[in-house]
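One-letter residues, chain by chain:
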Amino acid sequence: MRVPHPIVLLRWLRAGMLTVVAVTALLYLVVANRAGEQIAAAHRTTTAIRHIGAAYEQAGKADDALDAVSGIGAVALTGTGGDFANATTRVTSHLTSATEGNAAGEQGLSHIQFVQGQLSTCVQAANRAVLDGASGVARARDALDDAPEYDGKEPVPFTGGLRQSLRDLEELEAEARRDQLRSGWRDPALLWPLFIAPVTVMLVLVCATGYIVARRYRRYPSPALVLALSATASVGVAMCTTDPLAAGIALPVLAAAGALTYLAYRPRLAEYRFPRS
């Protein structure tokens, strides 16, 4: 079997290296485009989680307002006061905003509606405090701060008062956000093989090039090959571990990797360029 001339092998290796860089650029464009919508949805969920946290804080202020009113001992005359009404209104507003970023599907929507129902129950109990006195305030505070039921040592979600349910809802949405960021085009089980496979092929081509250059030409391989490999690998690893790189960063890095690859082979290939007779 005839062995190709080393210069032919180098041309093949250069073509393979440039192909790997081009494939990595294509993969970047596809993944960045498809994952963009998924990441945008996760950002909306993050905003929803912040709203739920803000609703929890306002529920705490509502509880403080009821505590202050009950300490006065004149609930039948003063009612629950403006601080309680303002806090519960803000809880409603935050829950409405959180609905827009719900990532837990029908389950999340159902639990948001359940929490809104708990809030309504609390407000109704507080409004009756004018007639019921201290007992009405106590019922309203129970609706805010009831402890959850327990299944063994573990609390059962959404069995406590309003504040505990808000914590449960926050955890539910946080878990849904984790799923958003680790599924589909952001699934590490998909991304790592997708981007590391071209880098592995490129590493093999670099090693083969180094072997030929060192053995046949008695020269050291060009450092530009290592730089091209490093640049391509950096884009692949970044795509697997962070949000997709901006096109203004990734594409110039890959273009530089292609240019370095071309320049790395040029001195050896130029030795075999003879004028036509």
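Residues numbered from 1 in each chain as written. Predicted model: local features only at pLDDT ≥ 70, side-chain atom pairs only at ≥ 80, totals over all residues. Heavy atoms only, no water.

(A) Region of the structure containing the overall build of the protein chain. Counting secondary structure elements, the protein chain contains 10 helices and 2 strands. Ordered by position in the sequence, the α and β elements of the protein chain form the string α-α-α-α-α-α-β-β-α-α-α-α. Taken against the 2.2 N^0.38 rule, which gives 19 Å for 277 residues, the C-alpha radius of gyration of the protein chain at 32 Å runs more than 25% over that of a compact globule. Based on the C-alpha atoms only, the size of the protein chain along its principal axes is roughly 110 × 40 × 30 Å. Relative to its 277 residues, the protein chain shows a buried fraction of 40%. The contacts of the protein chain with a sequence gap of at least 6 include a subset with a gap of at least 24, amounting to 75%. Taken as two groups, the 26 positive and 24 negative side-chain charges of the protein chain have centres that lie 28 Å from each other. (Helix = DSSP H or I, 4+ residues; strand = E, 2+ residues; numbered from the N terminus. Rg over C-alpha atoms; globule rule 2.2 N^0.38 Å. Buried < 20%, exposed > 50% of the residue type's maximum accessible area, 1.4 Å probe, protein only. Contact = heavy atoms within 4.5 Å. Lys, Arg positive; Asp, Glu negative; His and termini not counted. Charge placed at Lys NZ, Arg CZ, Asp CG, Glu CD.)

(B) Structural view of the environment of Ile 39. Within the fold, Ile 39 resides in helix H1 (residues 6-72). The sequence separation of Ile 39 and Arg 186 amounts to 147 residues, and the corresponding C-alpha distance is 8.5 Å. Every residue in contact with Ile 39, bar those within four places of it in the chain, is listed here: Arg 186, Asp 243 and Pro 244.

(C) Local environment of the confidence of the model for the protein chain. Per-residue confidence for the protein chain averages 87 on the pLDDT scale, and 92% of its residues sit at or above 70. Looking at the elements of the protein chain, mean pLDDT is at its lowest for helix H2 (residues 75-78), recorded as 58, and at its highest for helix H9 (residues 223-241), recorded as 94. (pLDDT = per-residue confidence, 0-100.)

(D) Summary view of the packing of helix H4 (residues 105-127) against helix H7 (residues 162-181). Running from N to C, H4 and H7 cross one another at 165°; their axes reach a closest spacing of 10 Å. Between H4 and H7, the angle falls in the class roughly antiparallel. Viewed along their axes, H4 and H7 form a crossing whose handedness is left-handed. Along the contact surface, H4 presents Gln 107, Gly 108, His 111, Ile 112, Phe 114, Val 115, Gln 118 and Leu 119, while H7 presents Leu 162, Ser 165, Leu 166, Leu 169, Leu 172 and Glu 173. Taken together, the residues of the contact of H4 with H7 sort by class into 8 nonpolar, 5 polar and 1 charged. (Axes fitted to C-alpha atoms, helices over the stretch in contact; angles between N-to-C directions. Parallel < 35°, antiparallel > 145°, perpendicular 65-115°, else oblique. Left-handed = near helix turned anticlockwise from the far one by under 90°. Nonpolar A, V, L, I, M, F, W, Y, C, P; charged D, E, K, R; others polar.)

(E) Molecular detail of unusual backbone geometry. Even without a glycine there, the phi angle at Phe 158 is positive, about 65°. Mapped onto the elements of the fold, Phe 158 is located in the loop between strand E2 (154-155) and H7. Residue Phe 158 is classed as buried on the basis of its relative accessible area of 13%.

(F) View of the pattern of salt bridges. In the structure shown here, the tally under the stated rule is 5 salt bridges. Taking the shortest distance from any N to any O, the salt bridge between Asp 145 and Arg 163 comes out at 3.4 Å. Linking Asp 145 in helix H6 (residues 134-145) with Arg 163 in helix H7, this pair joins segments that are 18 residues apart in sequence. Classification of Arg 163 as partly exposed rests on a relative accessible area of 22%. The shortest N-O distance in the salt bridge between Glu 171 and Arg 178 comes to 3.1 Å. The network of salt bridges with shared partners includes Asp 63, Asp 67 and Arg 141. (Salt bridge = Lys/Arg side-chain N within 4 Å of Asp/Glu carboxyl O.)

(G) Here's a closer look at the packing of helix H3 (residues 81-100) against H4. The geometry of H3 relative to H4 is characterised by a closest axis approach of 11 Å and an angle of 170° between their N-to-C directions. If you check the angle between H3 and H4, you find them roughly antiparallel. Along the contact surface, H3 presents Phe 84, Thr 88, Val 91, Thr 92, Leu 95, Thr 96, Ala 98 and Thr 99, while H4 presents Leu 109, Ile 112, Val 115, Gln 116, Leu 119, Cys 122, Val 123 and Ala 126. Across the contact of H3 with H4, the residue classes break down as 11 nonpolar, 5 polar and no charged.

(H) Here's a closer look at a nonpolar patch on the surface. On the surface, a nonpolar cluster with roughly 250 Å² of combined accessible area is contributed by Leu 18, Tyr 262 and Leu 263. Tracing the backbone through its elements, the reader meets Leu 263 in helix H10 (residues 247-270). Look at Leu 263 and you get partly exposed, because its relative accessible area is 45%. (Patch = residues over 30% accessible without salt bridge, like charges linked within 9 Å, V, L, I, M, F, W, Y side chains within 5 Å. Areas by Shrake-Rupley, 256 points an atom, 1.4 Å probe, with all protein chains shown as cover.)

(I) Focus on helix H8 (residues 188-216). A rise of 1.5 Å per residue sets the reference length of H8, with its 29 residues, at 42 Å; its end C-alpha atoms lie 41 Å apart and thus fit the reference within 8%. Along its length, H8 reaches its greatest deviation from straightness, about 25°, at Ile 196, and the proline Pro 198 lies no more than four positions downstream. Just downstream of H8 lies Arg 218, where phi reads positive at about 55°. (Expected span 1.5 Å × (residues − 1). Bend = angle between axes of the 7 residues up to and from the residue.)

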